[in-house]
Amino acid sequence: MSGPRARRTAVTGIGVVAPNGLHADTYWKNVKEGASVLDRVTREGCEHLPLRVAGEVRGFDPTALIEETFLVQTDKFTHFALAAADAALKDAGLAQDAWADAPYSVGVVTAAGSGGGEFGQRELQKLWGQGSRFVGPYQSIAWFYAASTGQISIRKGFKGPCGVVASDEAGGLDAVAHAARFVARGTDVVVVGAAEAPLAPYSGVCQLGYRELSTVEDPARAYRPFTSAACGFVPAEGGAVLVVEDLERARRRDTAVRATVAGHAATFTGASRWDRSREGLAHAIRGALDEAGCAPEEIDVVFADALGVPEADRAEALALADALGPHGTRVPVTAPKAGIGRSYCGAPLLDIVAAVQAMEHGQIPPTPGVFDICHDIDLVTATARPAELRTALVLSRGLMGSNAALVLRRGPAQDA
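Residues numbered from 1 in each chain as written. Predicted model: local features only at pLDDT ≥ 70, side-chain atom pairs only at ≥ 80, totals over all residues. Heavy atoms only, no water.

1. Quick notes on the state of the cysteines
Rules: The disulfide definition used here is simple: a pair of cysteine sulfur atoms within 2.5 Å. Relative accessibility thresholds used throughout: buried, under 20% of the residue-type maximum; exposed, over 50%; partly exposed, between the two (1.4 Å probe, protein chains only).
Counted under the stated rule, the structure contains zero disulfides. No disulfide involves cysteine 46; its sulfur sits 11 Å from that of cysteine 206, the nearest cysteine. Taking relative accessible area as the criterion, cysteine 46 reaches 8% and is therefore assigned buried. With no disulfide of its own, cysteine 374 lies 12 Å from the sulfur of cysteine 231, the closest cysteine sulfur. A residue is classified by how much of its surface remains accessible, and cysteine 374, at 41% relative accessible area, is partly exposed.

2. Things to note about the packing of aromatic side chains
Stated formally: Any two of the Phe, Tyr and Trp rings considered here, Trp counted by its six-membered ring, make a pair once their centres fall within 6.5 Å; the pair's planes then place it as stacked at under 30 degrees, edge-to-face at over 60, or tilted in between. Secondary structure elements are taken from DSSP: a helix is a run of H or I of four residues or more, a strand is a run of E of two residues or more, and numbering for both begins at the N terminus. Whether a charge sits over a ring depends on NZ of Lys or CZ of Arg being within 6 Å of the ring centre and within 35 degrees of the ring normal.
The final tally for this structure, using the stated rule, is four aromatic pairs. Judged by centre distance (5.0 Å) and plane angle (70°), the ring pair of phenylalanine 60 and phenylalanine 80 falls under edge-to-face. Of the two residues, phenylalanine 60 sits in the loop between strand E3 (53–54) and helix H2 (68–71) while phenylalanine 80 sits in helix H3 (residues 76–91), which places them 20 residues apart along the sequence. Each member of the pair phenylalanine 60 and phenylalanine 80 is classed as buried. Here a set of aromatic residues connected by ring pairs shows up, and it is made of Tyr210, Phe233 and Tyr344. The side chain of arginine 342 reaches across the aromatic face of phenylalanine 233, ending 5.7 Å from its centre.

3. Concerning the sheet that holds strand E6 (residues 189–196)
Quick note on the threshold: The pairing criterion is simple: DSSP has to find at least two bridges between the two strands. Throughout, a residue-residue contact means that at least one pair of heavy atoms, one from each residue, lies within 4.5 Å. Simply put, an axis is a line fit to the C-alpha atoms, just over the touching stretch for a helix, and the angle between two N-to-C directions goes from 0 to 180 degrees.
Taken together, 11 strands build an open sheet; the order of strands is E5-E4-E6-E7-E1-E8-E15-E14-E9-E10-E12 and the sheet is mixed. This sheet does not close on itself; its edge strands, each paired only once, are strand E5 (162–165) and strand E12 (378–379). Pairing of E6 with strand E7 (residues 238–246) involves eight bridges; the strand directions are antiparallel. By the bridge assignment for E7, valine 189 is matched with glutamate 245. Across the face of the sheet, helix H11 (residues 310–324) comes into contact with strand E9 (301–303), strand E10 (332–334) and strand E14 (391–397) while running at roughly 145° to E14. Against the sheet, helix H12 (residues 346–361) contacts strand E1 (9–17), E6, E7, strand E8 (259–268), E9, E14 and strand E15 (402–410), and its axis sits at roughly 60° relative to E7.

4. What about the pairing of E1?
Taken across its nine residues, E1 has nine buried, putting it largely inside the fold. Examined bridge by bridge, E1 and E8 share three bridges and lie antiparallel to one another. When the bridges of E8 are listed, alanine 10 appears paired with threonine 260. Sheet analysis places E1 next to E7, joined by eight bridges and oriented antiparallel.

5. What about the pattern of salt bridges?
Put simply, the rule is: When a carboxyl oxygen of Asp or Glu lies within 4 Å of a side-chain nitrogen of Lys or Arg, that pair is called a salt bridge.
This structure, assessed with the given rule, holds 32 salt bridges. Residue glutamate 67 is joined to arginine 155 by a salt bridge in which the shortest nitrogen-to-oxygen separation is 2.8 Å. Note that glutamate 67 is positioned in the loop between E3 and H2 and arginine 155 in helix H6 (residues 147–156), a separation of 88 residues in sequence. Looking at arginine 155, the relative accessible area reads 15%, which means it is buried.

6. Structural notes on a nonpolar patch on the surface
Worth spelling out the cut-off: Patches here are clusters of residues that have more than 30% relative accessible area and form no salt bridge, with a 9 Å joining cutoff for like charges and a 5 Å cutoff for nonpolar side chains (Val, Leu, Ile, Met, Phe, Trp, Tyr). Here the Shrake-Rupley method, with its probe set to 1.4 Å, supplies the accessible areas, and only the displayed protein chains count as covering residues.
On the surface, Trp143, Phe144, Tyr145 and Val164 cluster together into a nonpolar patch covering about 350 Å² of accessible area. Mapped onto the elements, tryptophan 143 comes out in the loop between helix H5 (139–142) and H6. The class of tryptophan 143 is partly exposed, set by a relative accessible area of 37%.

7. Focus on the nonpolar core
Soluble globular proteins tend to bury their nonpolar side chains together. The cut-off we apply is this: Nonpolar core, defined: a set of buried Ala, Val, Leu, Ile, Met, Phe, Trp, Tyr and Cys residues in which side-chain atoms within 4.5 Å join the residues together.
Membership of the largest hydrophobic core comes to 48 residues, with the highest contact counts inside it found for Val16, Tyr27, Val192, Leu242, Ile352 and Leu408. Of the residues forming this core, the biggest block, nine residues, is contributed by H12. Leave out the neighbours within four places in its chain, and leucine 408 touches Thr260, Val261, Ile352, Ala355, Val356, Met359, Arg390, Thr391, Ala392 and Val394. One finds Ala222, Ala262, Ala319 and Leu395 within the second-largest nonpolar core, a separate group that totals 43 residues.

8. Focus: the environment of histidine 327
For histidine 327, the position within the fold is in the loop between H11 and E10. On the accessibility criterion, histidine 327 (11% relative accessible area) is buried. Between the C-alpha atoms of histidine 327 and glutamate 297, which are 30 residues apart in sequence, the distance is 6.0 Å. Apart from the residues within four sequence positions on either side, histidine 327 is in contact with Pro296, Glu297 and Ile299.

9. Thoughts on the packing of helix H10 (residues 274–292) against H11
To be explicit about the condition: By convention the crossing between two helices is left-handed if the near helix lies anticlockwise of the far one by an angle smaller than a right angle, and right-handed if it lies clockwise. Residue type decides the class: Asp, Glu, Lys and Arg count as charged, Ala, Val, Leu, Ile, Met, Phe, Trp, Tyr, Cys and Pro as nonpolar, and the leftover types, Gly among them, as polar.
Contact geometry of H10 with H11 gives a least axis separation of 8 Å together with a crossing angle of 35°. Of the two elements, H10 crosses H11, and the hand of that crossing is right-handed. For the pair H10 and H11, contact is made by Trp274, Ser277, Arg278, Leu281, Ala282, Ile285, Arg286 and Leu289 and by Glu311, Ala312, Ala315, Glu316, Leu318, Ala319, Leu320, Asp322, Ala323 and Leu324, respectively. Tallied by class, the residues present in the contact of H10 with H11 amount to 12 nonpolar, one polar and five charged.

So, in structure tokens, the structure goes:
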């Protein structure tokens, strides 16, 4: 990604499966309007859990989108990823035969935070309830973090460099950075993204160990980042997949360049050490700006991590001031995830999609359900704010201590 004339990475395709929309256009419409879809958890087997509110993906029919062969081998988190990958490739104008003669020119990178919990639980119940002969052979792969990367590449015949990032929620941004580096090193196209499905009973129980998880029963109050009433985050299903490719290649095939990946950096500051995340996130922001060759004043909008925990929100606000200087209190900040929940590694991918669409439409989406801001940031609330947007900063932190920052430029890219 570095170097004035290095191969630059263009975002040419977007695919979304989210609680507020199963298509990128629907997702943007609801994000722009500040709609909240947080609601009571309805998943069977979760009724007794103290986790009451989440962002569920509803109306998603995998049988209409994915072949039976792949459905039986995979968990819901991979179903989301496969569907989003199809949509992203279509958006990028890449037909199935586009890589038939050059399968090694296309790679895949995904991030995952929890893997296939629903599939794994079902097969383990068969093991203990019926015996080992009743456990399906795909148990060995469907729960695994790398399943989505593997199944996308197998299904599409991609034989380029592949990988999976398991670096906490911030891995969603790290995966995009890995994809951009693949492009810089010569890979023409990379399918990159993350999708999660953490709303099964076993997965829900695992999440109860996070002290940052909100157990508030009122959907309107369960996730309110940057407010005095902040009480933690609510989880969500879904995510997004991007097609990224060499900028010059995209121009040669006359496809729309929706944005460019300009800079990224990551740090690690320890699990739930939100006081330390201030320094770690600020360092990541500075690193991303340096790689992008971007001055703090050039950032037009920040898509915040917005954990919804008072000390974490305070650390993020202070990190912006530390890294951006006086601009840190003036730059518009938004957190659309307050209306859909945090889909772990999928959350920063959905923020990237919102950032790309915000730059395209010249509107900063609001932070749903948040009004009484108690930190020194210019948080966009209530309604979308018109703005000329050329450069966006996307932030993410993980519960285990990862911090990441990504700088995006509006497409078509400006020559350096």
